[in-house]
Amino acid sequence: MKRPRLFTFDQPTPSATTHRLVDQDIVAVSQFDPPLIDYVFDVAAEMREMHERIGGTDLLRGKVLTCLFYEPSTRTSSSFIAAMERLSGSVIPITQGVQFSSVSKGETLHDTIRTLEQYSDVIVLRHPETGAAGIAAAAATIPIINAGDGAGEHPTQALLDLFTIKQERGTLDGLHVAMVGDLRYGRTVHSLTQLLLHYDVEFSFVSPELLRLPLPYMNQLKAANKTVHETYNVADVIGSADILYVTRVQKERFSDLTQYEEVKDYYRVTPEIMSHAKDNAIIMHPLPRVNEIDVRVDSDPRAAYFRQVKNGMYIRMALLAAVLGKA
Ligand code: NCD
């Protein structure tokens, strides 16, 4: 007797969308123009509503995400995992240090990616080298999402940062954005600055000399005719900033740790400093924080950094659904 089939495949598949993100890598923020940003934000807002009402859906059932992290992570990895789980997909988590994977046997990034794509529908990669996400994307036939490549870019963080600004202030135009901290090595600053170029924003960059924003980013701002201020002192911007985007000094990127010691405690946002800020200013941080924001600031309603964390899950739900052709 013929054995009955284990599976039937007659379920309707949702109609494929032709959106620009379907089957695409997300490597750099230069891929995103305002219409595409609006689309991602629309999907993310829907994801939030769905999450608040029913917790999760079946949208990505049967899909597998591999999280491949060559650098430490709390929020980025767990928000991608949460995003996938809320949409009923599954995750191969290689986030506990690649020392437990074949990377420690000398496997190349190329071969690791070619292997993991055999099991997965999408790979999220964090890597200490600038450009690694591009190399992975060239090796892979499935979408690669850049979750941070050295001091290069962090596009999904920049999208969630921008989404947070929009949520908190209701607009992306007419704002004075002050970036504070490690503007040299902070990849979140590099990506967010480029996204903000699309909007009517005045920029202030606050850092010690050693950690100034690199010239290529500064030149982009000048080419776009943006108003840009640079200063060493938070006091110069606190009264006029609408957004205070504070970052950690990126210790792991310093080749000379004595230089790190010199700048690590350069600035610290305290309730005293916040008393000079606008009533409707918001303070953001990609986290983790070390000493740059006093914990007493957390209870200030203008402190948006934990709301920003939650927005990260919604943006990543939207991006996963989009690249997998379900949004
Ligand atoms: C940032 C990163 O990894 O670049 N963290 C994050 O993804 N939220 C910022 C940092 O590590 O300082």
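Basis of the calculations
- Residues numbered from 1 in each chain as written.
- Predicted model: local features only at pLDDT ≥ 70, side-chain atom pairs only at ≥ 80, totals over all residues.
- Heavy atoms only, no water.
- Pairing = 2+ DSSP bridges.
- Helix = DSSP H or I, 4+ residues; strand = E, 2+ residues; numbered from the N terminus.
- Axes fitted to C-alpha atoms, helices over the stretch in contact; angles between N-to-C directions.
- Contact = heavy atoms within 4.5 Å.
- Near = heavy atom within 4 Å.
- Polar contact = N/O pair within 3.5 Å; in protein donor to acceptor, adjacent residues only side chain to side chain.
- Areas by Shrake-Rupley, 256 points an atom, 1.4 Å probe, with all protein chains shown as cover.
- Nonpolar A, V, L, I, M, F, W, Y, C, P; charged D, E, K, R; others polar.
- Buried < 20%, exposed > 50% of the residue type's maximum accessible area, 1.4 Å probe, protein only.
- Domains from an automatic or database assignment.
- Buried area = accessible area lost by both parts, 1.4 Å probe.
- Salt bridge = Lys/Arg side-chain N within 4 Å of Asp/Glu carboxyl O.
- Phe/Tyr/Trp six-rings, centres within 6.5 Å; stacked < 30°, edge-to-face > 60°.

J.: Looking at this structure, I do not really get the sheet that holds strand E5 (residues 175-180). What am I missing?
T.: Across a sheet, paired strands are connected by hydrogen bonds in the backbone, their directions being either parallel or antiparallel. With parallel pairing, the five strands of this open sheet are ordered in space as E7-E6-E5-E8-E9. The open sheet terminates on both sides in strands that have one partner only, identified here as strand E7 (228-231) and strand E9 (282-284). For this sheet, the mean inter-axis angle between neighbouring strands, taken without regard to orientation, is 15 degrees.

J.: Would you explain the sheet that holds strand E3 (residues 122-127) in this entry?
T.: Read from one edge to the other, the open sheet built from four strands follows the order E2-E1-E3-E4, with strand pairing classed as parallel. Both edges of this open sheet fall to strand E2 (90-94) and strand E4 (144-149), since each of them pairs with a single strand only. Geometrically, the sheet is characterised by an average inter-axis angle of 15 degrees between neighbouring strands, direction not taken into account. Here strand E1 (residues 64-69) runs beside E2; their pairing, made up of five bridges, is parallel. Counted as the bridge partner of Thr66 is Ile92 from E2. The sheet strands contacting helix H2 (residues 75-86) are E1, E2, E3 and E4, and the helix crosses E1 at an angle near 175 degrees.

J.: In this structure, what is going on with the site of the ligand? I would like to understand it.
T.: Near the ligand, the surroundings consist of Thr76, Arg126, His154, Gln157, Arg187, Thr188, Arg248, Gln250, Pro286, Leu287 and Pro288. Within the side chain of Arg126, one N or O atom sits 3.0 Å away from an oxygen atom of the ligand. When the free accessible area of the ligand is taken as 320 Å², the share hidden by the protein chains comes to 93%. Taken together, the residues of the shell around the ligand sort by class into three nonpolar, five polar and three charged.

J.: Looking at this model, I keep getting lost on unusual backbone geometry. Mind explaining?
T.: Note on backbone geometry: most residues besides glycine have negative phi, and most peptide bonds are trans. Residue Pro288 is bonded to the preceding Leu287 through a cis peptide linkage, with omega at 10 degrees. Take Pro288: it is sitting in the loop between E9 and helix H10 (305-323). Its identity is not glycine, yet Ser88 carries a phi of approximately 65 degrees, on the positive side. The topology assignment puts Ser88 in the loop between H2 and E2.

J.: Would you explain the environment of Glu272 in this entry?
T.: Mapped onto the fold, Glu272 is located in helix H9 (residues 271-274). Its relative accessible area of 52% is what places Glu272 among the exposed residues. Linking Glu272 and His285, residues 13 residues apart in sequence, is a C-alpha distance of 18 Å. Within the structure, the side chain of Glu272 is placed 3.4 Å from the side chain of His276, a separation counted as a polar contact.

J.: Can you walk me through the domain arrangement of the protein in this structure?
T.: Many analyses report the size of an interface as the accessible area lost when the parts associate. For the protein, the assigned domains are domain 1 (6-153 + 311-323) and domain 2 (155-309). The distance between the C-alpha centroids of domain 1 and domain 2 comes to 26 Å. The interface of domain 1 with domain 2 comprises 32 residues on the first partner and 28 residues on the second. When domain 1 packs against domain 2, close to 2400 Å² is buried across both sides, 61% of that on carbon and sulfur atoms. The largest contributions to the domain 1 side of the interface with domain 2 come from Phe41, Arg75 and Asn311, which together make up 27% of the buried area. In this structure, Glu71 engages Arg253 in a salt bridge whose closest nitrogen and oxygen atoms are separated by 2.9 Å. Run the count over domain 1 and domain 2 and you get 16 residue pairs in polar contact (both at pLDDT 80 or more). Put simply, the parts of the chain that give the side of domain 1 that touches domain 2 at least two residues each are helix H1 (34-54), H2, E3, E4 and H10. Grouping the constituent residues of the side of domain 1 that touches domain 2 by class yields 17 nonpolar, seven polar and eight charged.

J.: It is not clear to me how the packing of aromatic side chains should be interpreted in this structure. Could you clarify?
T.: Pairs of aromatic rings are described using the distance from one ring centre to the other and the angle between the two planes. According to the stated counting rule, one finds six aromatic pairs in the structure shown. When the centroid spacing of 5.1 Å and the interplanar angle of 65 degrees are considered together, the rings of Phe41 and Phe163 count as edge-to-face. Of the two residues, Phe41 is situated in helix H1 and Phe163 in helix H5 (residues 155-169); the sequence distance between them amounts to 122 residues. Between Tyr266 and Tyr267, the aromatic rings sit 6.5 Å apart at their centres with planes inclined by 70 degrees, giving edge-to-face as the arrangement. Note on Tyr266: relative accessible area 37%, which makes it partly exposed. Grouped by ring-pair contacts, the aromatic residues Tyr185, Phe254 and Tyr260 constitute a single cluster.

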